[in-house]
Every structure is written in C-alpha cells, then in structure tokens.
Amino acid sequence: MKAILLFVTPFFLCSASTLKIKAKNFDCKTTELGQLFVSENKKLVYQLEVPLDGSAAFNLPKGQYEISYITKSGCSATLNHTLQANKDSDITIEVKQ
Amino acid sequence: MKFLFVTLFGMMASASMLAPRPGMRDMEGARCMALLPQCMGDTSATRPSDYCIQCQYLDRGIYPSVATPMPSYYPWWYGYGMYQYPSYYSYPGVWNNGGLSNHYYPGPGNMAAGKPNIYFHGLENGQEFDFKISYKEKANELSTSPIHTKNGWSIKKSKDGLVVDGTSYNYLYYDYKLDSNKLQSEAGFCGDENSVYKKMVSVLNTMKFKKAEVDDFENYWAFKIPKGEYCVFPQEHQELSEIAAWQSSMQPQFYKRVLFALIPKDQILAKKGANFTKVPESDWNPMRGIYRNVAQADSKFQIHEWGVAFLTK
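Here the structure is a predicted model, which is why all the values come from computation and not from measurement. Starting from 1, residues in each chain are numbered consecutively following that chain's sequence as written. Lettering of chains starts at A and numbering of ligands starts at 1, both following the order in which they are written. Given that this is a predicted model, residues contribute local features only at a pLDDT of at least 70 and side-chain atom pairs are listed and counted only at 80 or more, while totals for whole chains, interfaces and linings are drawn from all residues. Think of the side-chain values as coming from all heavy atoms in the structure, minus any hydrogens and water.

Q: Quick question: what am I supposed to make of the confidence of the model for chain A here?
A: Interpreting fine coordinate detail is not advised for predicted regions of low pLDDT. Taken residue by residue, chain A gives an average pLDDT of 87. The fraction at 70 or more is 87%. Residue-level confidence of the predictor is what pLDDT reports, using numbers from 0 through 100. Any two residues whose heavy atoms approach within 4.5 Å at even a single point are treated as in contact. Across residues 1–9 of chain A, confidence stays below pLDDT 50; counting only partners more than four residues off in sequence or on other chains, it has two contacts.

Now the structure itself:
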C-alpha cells in the first residue's frame, strides 16, 4: 500500500502551466524564433524552440522554476515562478531588446 | 505469327504495369516497404529537397572533410546556456542514474519521449484542420508548444508556416511519458553516443525526412545525448498509435513516424532496461516507419514526425 502511494502521489502533486511569450517593445519581431529554458536550481528541465508571441505548456512538479527566453537578435526575459502542487497556472513572459 | 508475338508481348507488358507493385500493399494505412517515389510521397508538392546522405557530415562550414558526429555549424543558441546550466551539453534534460528524472518528468510510464516534432506538408495556404494527440494507458503529456488544448491544435496553413492561435510555427512539438512495454524490443542498432547519433540521422535521411527536419534533429541531438554505449530501438506508427494516437480532421496520404528509444547497453545487459532485455537481434528497416493511405490517393497532405525517448529513473 505504501509503495502504491509513493508511486502514485508524485504524479498528482504536479501542476499544469501554460506559458505565453509576448514582445514588450517593437524592436522584437514577432515572427522570430527563440529558445525557451525552464530550470530549477540550475537543472535544465526543458529547452524548446518557441516563436516570439508563441505559447507552450508544461506538466511539472511543485517547485521554484526559472523561465528564460531569448531570440537570436537578443530579445530576452527571465522570470522566476513558483509552482504549487495541484494548482495550474498561466504565465506570461514579456521579452524586450 | 509476328502479329501474335507483338500482341502477346503487349498483353504481358500491360499486365505487369497493372499488377500491384512488389512490397506495396494497397490497403488503408499500409506500410510502405519500397523506395519507390510513389511510396515515399515523392510528389512535386511534397518532394524532399535534395540532400546528400553521404555528404551530410562533410559539406558544411570550414572544417576539414572528415566524418564527425557533430554538425560543423552550431546553432545560434549553442553558447547561451553553457554557464547557466551544468547539464546544458550532453543531457536531454534532468538526468538521474542513467535515465531522465521521474521527478521532473512525472507520470506512471517508465519512459519519456523528448521532442517529438510533427511537420505537415502538402497543405494549401488558408487550409485549416484540427490535430490532436490522444494519450493511451500509462501515457501522459509533459510539455507542448504551442499549447495543446483538450481539443488539440487548430491549425491554419499560411505562407509563413502553421498558424496556431495567431502565431506561426514551423512544426508542432510535444513531450510525453509512456510505458516502454508497448514498444518493440527486437530490432535496432547499438554503438556509442556518436555512432548511434549518426545512424539515427542516416535513418531519417533514408526515410526521406526533409532537410529542414533533419537539420532540426541535428541542431538538438548532436549536443544532447549523454556519453555512453546505447542500443537504439526505433518505434514506428504501429506501436506509437497504441501510446500517443494521432487524431486528425484531415487524413494524410503519406505519413512517416519514428521514435528512437535509446537504452544504455549496460542496463540491457544488467537486465535493468525494463522490457529491453537483450541487444537488438536484427536491424530495423527504415521503410517500416513510412505509411501510405491509398484511400486518400488524391490528397497531397503528409505528416512527418521524429522523436527520441529515454527510460526514466
């Protein structure tokens, strides 16, 4: 029984997060591709290619995550986000030159 | 006599043209087993660009013409994370005891598929369709881009690419957790991280993935496979549809789908590689991953997908 609880519990302590990337100023072209990095304590959990003005979704365990985004032309932003267990969140990251 | 011979010869020639081509089964979703243009979806609308399989490691950049596992160019983001993340190079994610971390990639399955990229071809500008990934038992979504809603993705083709929710994408991306017991564990190939990487690229080229699709694979996986000896068990649509099924409002005439399951060889030999208990007994034929749907013979629509999976620990 204990083993079943240990196996099942972590999955139900996860949260779904949706992330939208927005350009904060006109120097950042909305058609440009960028790289999105999601990490916790310097551990890189996800790296994915997302266009500026694009979106992504993650299913992650609770924790404090750093979300960074950068385009080839240098439009970037970083934010810290705390994910709570069983609480979904919508995140918007605004990038600027 | 001469007339009879010509007639007989003509009848034989006609019969051979009308007969089914060897290796191609005329049934819905039939697997293509021949390198015929008709089997590869090689039409003017979807023809892959010219790409020299043998030259792929030789013709780029200023580096000497020697075979190397790495592309001789580097993606622009290559240096960005090197000082920020210790596992930036040579790891596909948070790594734990020879596999991806179960903590960060949650779900009941014992394997995580990283970066399946889906590409769509043969669409007219303005054409719209819905596409959804439907996860089966012990499989669940980990990450997607763009956001995959409960109805999947609503996609519109534009001159800039695939427009989802007002933004243009070159491809759709998803990560998911799965149960390795549903995967084939008989056919594949083994080698160190460099040789299996080269072989995977070769498989994609043999399957005639487009150059941009192979470039996407190289740009990421050239730098993200941990050092070690692996056996790779490629999976095709037949296995994957039992795990992460495609649901599309528009049916393709051709589709290509391959997921490379990378299992550390020492884990296989130590019987710690889940259902991968022995090294591959036979090579995997890349044609197994190509399907033709003859019921959609008039459709130019094609779907291409590649991905890489590791056990989770």
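Q: Would you take a moment to explain the state of the cysteines for this structure?
A: Each disulfide is one covalent bond, formed between the sulfur atoms of two cysteines. Note that a disulfide, as used here, is simply two cysteine sulfur atoms within 2.5 Å. Per the counting criterion, the structure on display carries two disulfides over all chains. Through a disulfide, Cys28 of chain A is tied to Cys75 of chain A; the S-S separation comes to 2.1 Å. One disulfide, between Cys28 of chain A and Cys75 of chain A, carries an S-S torsion of -105 degrees and so falls in the left-handed class. Linking Cys28 of chain A in the loop between β1 (14–23) and β2 (33–40) with Cys75 of chain A in the loop between β5 (63–71) and β6 (76–83), this pair joins segments that are 47 residues apart in sequence. In this scheme, a residue with accessible area under 20% of its type's maximum is buried, one over 50% is exposed, and one in between is partly exposed, where area comes from a 1.4 Å probe on protein chains only. By relative accessible area, which is 4% here, Cys28 of chain A ends up buried. Sulfur-sulfur distance for the disulfide between Cys190 of chain B and Cys231 of chain B comes to 2.1 Å. On the sign convention where negative means left-handed, the S-S torsion of about 100 degrees between Cys190 of chain B and Cys231 of chain B marks this disulfide as right-handed. Remark: Cys231 of chain B occurs in strand β12 (residues 229–235) and Cys190 of chain B occurs in strand β11 (residues 189–192); sequence separation between them is 41 residues. The secondary structure listing takes helices from DSSP runs of H or I that are at least 4 residues long and strands from runs of E that are at least 2 residues long, numbered from the N terminus.

Q: Would you take a moment to explain the packing of helix α3 (residues 193–206) of chain B against helix α4 (residues 211–221) of chain B for this structure?
A: Helix-helix packing: each pair is described by the crossing angle between the helix axes and the interaxial distance. All names here are of chain B. As a rule, the C-alpha atoms of each element are fitted with a line to give its axis, helices using only the stretch in contact, and angles between N-to-C directions run from 0 to 180 degrees. Two elements in contact, α3 and α4, have axes separated by 10 Å at closest approach and are oriented at 170 degrees. Classified by the interaxial angle, the pair formed by α3 and α4 is roughly antiparallel. Crossing angle aside, the handedness with which α3 passes α4 is right-handed. When α3 is examined against α4, the residues Tyr197, Met200, Val201, Leu204 and Asn205 are found in contact with a partner set consisting of Val214, Phe217, Glu218 and Trp221. Here the term charged refers only to Asp, Glu, Lys and Arg, the term nonpolar to Ala, Val, Leu, Ile, Met, Phe, Trp, Tyr, Cys and Pro, and the term polar to all other amino acids, Gly among them. For the contact of α3 with α4, the per-class residue count stands at seven nonpolar, one polar and one charged. Roughly parallel refers to an angle under 35 degrees, roughly antiparallel to one over 145, roughly perpendicular to one between 65 and 115, and oblique to any angle outside these ranges. Helix crossings are classified by the rotation of the near helix relative to the far one: an anticlockwise turn of less than a right angle makes the crossing left-handed, while a clockwise turn makes it right-handed.

Q: Sorry if this is basic, but what is going on with the sheet that holds strand β3 (residues 43–51) of chain A here?
A: Pairing between sheet strands relies on hydrogen bonds along the backbone, with the strands arranged either parallel or antiparallel. Residues and elements named next belong to chain A. At least two DSSP bridges between two strands are required for those strands to pair. Sheet architecture is open: four strands sit in the order β3-β2-β5-β6, paired in antiparallel fashion. Unpaired on one side and paired on the other, β3 and β6 mark the two borders of the sheet. The sheet shows a mean angle of 20 degrees between the axes of neighbouring strands, taken without regard to direction. Bridge count between β2 and β5: six bridges; the pairing is antiparallel. Bridging across to β5, Leu36 finds its partner in Tyr69.

Q: What is the right way to look at the packing of aromatic side chains in this model?
A: How two aromatic rings sit relative to each other is set out by the distance from centre to centre and by the angle between their planes. Residues and elements named next belong to chain B. Paired rings are identified among Phe, Tyr and Trp, the last through its six-membered ring, by centres lying within 6.5 Å, and are further divided according to the angle between planes into stacked (under 30 degrees), edge-to-face (over 60) and tilted (the rest). Enumeration over the complete set of coordinates arrives at 31 aromatic pairs over all chains. Ring centres of Tyr78 and Tyr89 lie 4.8 Å apart, and the angle between their planes is 35 degrees; this geometry places the pair in the tilted category. Of this pair, Tyr78 sits in the loop between α2 (37–40) and β2 (95–96) while Tyr89 sits in the loop between α2 and β2; the two residues are eleven residues apart in sequence, bridging distant segments of the chain. Taking relative accessible area as the criterion, Tyr78 reaches 25% and is therefore assigned partly exposed. Overall, the relative accessible area of 24% leaves Tyr89 in the partly exposed class. Here the aromatic rings of Tyr174 and Tyr176 are separated by 5.3 Å at their centres, their planes lie at 15 degrees, and the arrangement is stacked.

Q: Explain empty space enclosed by the protein to me, please; I cannot follow it from the model alone.
A: Here the idea is plain: a probe the size of a water molecule rolls over the atoms and shows the empty space left. A cavity, in this analysis, means grid points on a 1 Å lattice covering only the protein atoms where a 1.4 Å probe fits yet has no way out; a pocket is instead an open set bounded by protein on both sides within 12 Å along at least five of seven lines, and a residue lines either one if it has an atom within 4 Å of a point. Grid points are joined across faces, edges and corners, and a volume is the space filled by probe spheres set on the points. Enumeration according to the criterion identifies five cavities of 30 Å³ or more in this entry. Quantified by volume, the largest cavity comes out at close to 150 Å³. Lining the largest cavity we find 18 residues, and of these Tyr46 of chain A together with Pro92, Gly114, Lys115 and Asp175 of chain B sit closest to its centre. Counting residues per element, the lining of the largest cavity draws most heavily on strand β4 (residues 111–121) of chain B, at four residues. Here the residues of the lining of the largest cavity are counted per class, giving 13 nonpolar, three polar and two charged.

Q: Sorry if this is basic, but what is going on with the pairing of strand β16 (residues 302–311) of chain B here?
A: Working note: regular strand, side chains alternate between the two faces of the sheet. Residue and element names in this part refer to chain B. Among the ten residues that make up β16, ten are buried, leaving the element largely enclosed by the rest of the structure. Residues Gln302, His304, Trp306, Val308 and Phe310 of β16 are buried on one face, and the alternating residues Ile303, Glu305, Gly307, Ala309 and Leu311, pointing to the opposite face, are buried as well. As paired strands, β4 and β16 are joined by nine bridges and run antiparallel to one another. Of the residues in β16, the one forming a bridge with His121 is Gln302.

Q: Can you help me understand unusual backbone geometry in this one?
A: Apart from glycine, the bulk of residues carry a negative phi angle, and the bulk of peptide bonds sit in the trans form. Residues and elements named next belong to chain B. Between Ser145 and the following residue, Pro146, the backbone shows a cis peptide bond with an omega angle of -5 degrees. Mapped onto the elements, Pro146 comes out in the loop between β6 (140–145) and β7 (153–158). Here the phi dihedral of Ala274 falls at roughly 55 degrees; this positive angle occurs in a residue that is not glycine. Judged by its relative accessible area of 37%, Ala274 falls in the partly exposed class.

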